[in-house]
Amino acid sequence: MKIKNLLLIFTLAIFIKSFAQAPQAINYQGVARNAAGKPYPNQNVALQISIHANTATGNIIYKEAHAATTNTIGLYALQIGRGTSTVGTFSAIAWGTSSFYMEVEMDINGGANYVSAGTTELISVPYALYAQTAGSSIPGPQGPVGAQGPIGLTGATGAQGIQGLTGATGPQGPIGSTGATGSVGATGATGPQGLTGATGPQGPIGLTGATGSVGATGATGPQGPQGLTGATGPQGPIGLTGATGSVGATGATGPQGTQGVAGTNGTNGTNGQNTLVNTTAEPTGTNCANGGTKVEYGLDANNNGTLEVGEVNASLTKYVCNGNPTPSGIGFSGVLYFLTPSTNTFTIPAGISKIWVKAMGAGGGGGGGNLSGGCGGGGGAGCYAEGFINVTQGQAYSITVGAGGAGGATNISGSAGGTSSFGTQLIAPGGSGGIKGTSFGGAGGLGGVGVGSATFIDGPNGSGGGAGSCTNPAVGGKVIWRFMSTASIISGVLNSFGDAGSGATGSGSGTSGQKGFVIIYY
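Right, let's walk through the structure included here. (Residues numbered from 1 in each chain as written. Predicted model: local features only at pLDDT ≥ 70, side-chain atom pairs only at ≥ 80, totals over all residues. Heavy atoms only, no water.)

So, the sheet that holds strand β17 (residues 426-428)
- Ordered by their spatial adjacency, four strands build an open sheet running β12-β15-β16-β17, and the pairing between neighbours is antiparallel. Edge positions in the sheet fall to β12 (342-347) and β17, since each has one partner strand and no second. Across this sheet, the average inter-strand angle for adjacent strands is 15°, counted without regard to direction.
- In this sheet, strand β15 (residues 396-401) lies alongside β12 in antiparallel orientation, the contact comprising six bridges. Counted as the bridge partner of T345 is S398 from β15. (Pairing = 2+ DSSP bridges. Helix = DSSP H or I, 4+ residues; strand = E, 2+ residues; numbered from the N terminus. Axes fitted to C-alpha atoms, helices over the stretch in contact; angles between N-to-C directions.)

So this is what it looks like as structure tokens:
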């Protein structure tokens, strides 16, 4: 809470009588206002008074706390020296030994979160307390009257006070005396035409006139009401048979029939083959100008857990080359890790115009198994993305971390992994879920595919599930982002992020994919 013009009124008074004890207190009044200058009426406030020695920031030799209530215009009053002391004793202050400064602090809500309202030097009146310990209490003789000082400059006009309440309406005054009769006015304009008079009485009947000629025939009158229906006549002979009509529209599908008896289980199929990933150092050359990492994929045809030369699928081989700038060498001052699936906001700090972002999409869940024995497919791994982004200081960006896809239950495919992103500038989609098992085994999920102009490594696909009563679960795709040199500094912490879940064996459930992440260097 900001406090503006908190010390609008500052009154100090000390009264000392001859041969009497000086009161150990200083009267003080102030007005509490907000930053717009509006007072706080009828507000319970907390104040803290501190006495500094020698300077405005000197040692505090006395401090006390007060609780006060403002009036209708924000005014409050207290007596310094009679609050709850927290430092020193008010009566022990040696007023005549040095300069003293008073600091006022306030919590407008009546708590202990004080905000300083300013510090001012105690000039004259408070030093009257020194008279209590002066050498003699006998007053001296009356001094001569001093010369008239010059008239001071006219002070600035004070601020307009708040509008006072409208006073009550006064009583009705007595009725005044009747005024004199006025002179006769001018003749008015002629009035409107009067109403027509009533019709006079009927005159006598005249003589009968000659008979006139026959008039023309009148128009035909309206149709009369319909007569009663006559009796039904005899049945006529049957007519000839008409031509056959066109075929009508197909009727709605009838209800589902009852489940048929389950057939016998088919012969167990062979287990599906697992996908393996092999990484080796790639020397400087055609594939990588500055060297890097060669990533090879293939199916484990002989099930020995090693990707051999004859098992490598050359069409899937990728090269992760050195050469992208890394955060460790370009003077970033901070790093933020977003490792929990959620949506957050990051506001660019002052002085920052470019950041480095890494994002990992979440892995898809493995597919559920089949009641007939087929295994579900493994999920696809999430996509990894990294790159520089030009930003504007003070602007807020949305940060999303994708959640791992859920593994599918029996006869249900796994769900896709969530997308991780930095605004719309860098997006790393999650991998798709593994397909539920069938009697032929479920297909593997597809890895996430990068979006935008940053550097991307698409997530590997999951392997397919085996047919029949398979015993080896289909392996989900494993991310290769951690093989990049730019990620090595955190690979020990984030090794499994973005990996996909494995498919289920038999009638079991697939495992869930791993969550993604977003890392920002600024």
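What to know about the pattern of salt bridges
- One pass over the structure, following the stated rule, counts one salt bridge.
- Ionic pairing is found between K294 and E296, a salt bridge with its closest N-O pair at 3.4 Å. (Salt bridge = Lys/Arg side-chain N within 4 Å of Asp/Glu carboxyl O.)

Describing the environment of L371
- Within the element layout of this structure, L371 appears in the loop between β13 (354-360) and β14 (384-390).
- Separated by 39 residues in the primary sequence, L371 and T410 place their C-alpha atoms 7.2 Å from one another.
- Not counting the four nearest positions on each side in its chain, L371 is found in contact with T410, N411 and S507. (Contact = heavy atoms within 4.5 Å.)

A few points about the pairing of β13
- By the criterion of burial, β13 is predominantly enclosed, with six of the seven residues buried.
- The pairing of β13 with β14 spans seven bridges and is antiparallel. Paired with M360 across the two strands is Y384, which belongs to β14.
- Pairing of β13 with strand β19 (residues 517-521), which is carried by five bridges, proceeds in the antiparallel orientation. By the bridge assignment for β19, W356 is matched with Y521. (Buried < 20%, exposed > 50% of the residue type's maximum accessible area, 1.4 Å probe, protein only.)

Looking at the side chain of T70
- In this structure, T70 sits in the loop between β3 (60-69) and β4 (75-80).
- Judged by its relative accessible area of 3%, T70 falls in the buried class.
- A distance of 2.7 Å separates a polar atom in the side chain of T70 from the backbone oxygen of Y40.
- Polar side-chain contacts of T70 include one of 3.0 Å to the backbone nitrogen of N42.
- Residues within four places of T70 in sequence aside, it is in contact with A32, Y40, P41, N42, Q43, V45, L75 and Y76. (Polar contact = N/O pair within 3.5 Å; in protein donor to acceptor, adjacent residues only side chain to side chain.)

A closer look at unusual backbone geometry
- The phi angle at N303 is positive, at roughly 55°, despite the residue not being glycine.
- Counting through the fold element by element, N303 comes out in the loop between β9 (292-299) and β10 (318-321).
- Positive phi is not limited to glycine here, since N411 has a value of about 65°.
- Inspection of the secondary structure assignment puts N411 in the loop between β15 and β16 (420-422).

Structural notes on the sheet that holds β3
- Ordered by their spatial adjacency, five strands build an open sheet running β5-β3-β2-β6-β7, and the pairing between neighbours is antiparallel. Each of the sheet's edge strands pairs with one partner strand only, and the pair in question is β5 (84-87) and β7 (115-122). This sheet shows a mean twist of 20° between the axes of neighbouring strands, independent of strand direction.
- Where strand β6 (residues 100-107) lies against β7, seven bridges are found, and the strand directions are antiparallel. From the neighbouring strand, V104 faces β7, where its bridge partner is G118.

Focus: the packing of aromatic side chains
- A complete count under the given rule lists eight aromatic pairs for this structure.
- Their ring planes at 65° and their centres at 5.5 Å tell us that Y62 and F90 sit as a pair that is edge-to-face. With Y62 in strand β3 and F90 in the loop between β5 and β6, this pair connects stretches of sequence that are 28 residues apart.
- With 5.0 Å between their ring centres and 25° between their planes, Y397 and F422 make a pair best called stacked. (Phe/Tyr/Trp six-rings, centres within 6.5 Å; stacked < 30°, edge-to-face > 60°.)

Side note on the environment of L299
- Take L299: it is sitting in strand β9.
- For L299, a relative accessible area of 40% gives the class partly exposed.
- Sequence-wise, L299 and L276 are 23 residues apart; in three dimensions their C-alpha atoms are separated by 6.1 Å.

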